[in-house]
Amino acid sequence: MTAAKRVHLFEVAHGRTGDKGNRSNISVIAFDPRHYDTLVAQVTEEAVRRVFAHRGPGAVRRYLLPQLAAMNFVIDEVLDGGVNDALNLDSHGKSLAGYLLDLEIDLPGSAPV
């Protein structure tokens, strides 16, 4: 059996984002549908909560979209009050997707990257 390869999520998936108020919506979409089961197993609500722990997220909900080889995360209370209330420059949208896509996962050794 071939050992697992440690990779960043951005090597096997891309992201799309949106925000409304103090809620962020981040989708993770596998480049190759063969990686979907690995992503489902490792990119969990708890893993996403850990990634954003420094931002003090509220509820983290994951919605699976297997026919698209994708998943969508809705993360409450993660945007410093929302776009209009936040004093930081860009804690919204694509910057949070990029942050999540830096997550490291274990890809089965036989899986293509």
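Residues numbered from 1 in each chain as written. Predicted model: local features only at pLDDT ≥ 70, side-chain atom pairs only at ≥ 80, totals over all residues. Heavy atoms only, no water.

A. A look at the overall build of the chain. Assigned secondary structure in the chain consists of 3 helices and 6 strands. Listed N to C, the secondary structure of the chain is β-β-β-α-α-β-β-α-β in terms of helices and strands. Intrachain contacts of the chain at a sequence separation of at least 6 include 63% that bridge at least 24 residues. Surface summary for the chain: the accessible area is close to 6,400 Å², and the carbon and sulfur share equals 53%. (Helix = DSSP H or I, 4+ residues; strand = E, 2+ residues; numbered from the N terminus. Contact = heavy atoms within 4.5 Å. Areas by Shrake-Rupley, 256 points an atom, 1.4 Å probe, with all protein chains shown as cover.)

B. A look at the pairing of strand E4 (residues 60-65). Both E4 and strand E5 (residues 70-76) contribute to a ladder of 6 bridges, which runs antiparallel. The residue bridging Leu64 from the neighbouring strand is Met71, located in E5. Hairpin connection between E4 and E5: a loop of 4 residues separates the two successive antiparallel strands, and Ala69 in this loop has a positive phi of roughly 55°. (Pairing = 2+ DSSP bridges.)

C. Inspection of the pattern of salt bridges at higher detail. On inspection of all chains with the given rule, the structure shows 5 salt bridges. Across the pair Arg34 and Asp32 runs a salt bridge, and its minimum N-O distance is 2.6 Å. Looking at Arg34, the relative accessible area reads 61%, which means it is exposed. Here Arg61 and Asp76 are joined by a salt bridge, their closest N and O atoms 3.2 Å apart. With Arg61 in strand E4 and Asp76 in strand E5, this residue pair connects regions lying 15 residues apart in the sequence. Each of Arg6, Glu104 and Asp106 takes part in a single network of salt bridges with overlapping partners. (Salt bridge = Lys/Arg side-chain N within 4 Å of Asp/Glu carboxyl O. Buried < 20%, exposed > 50% of the residue type's maximum accessible area, 1.4 Å probe, protein only.)

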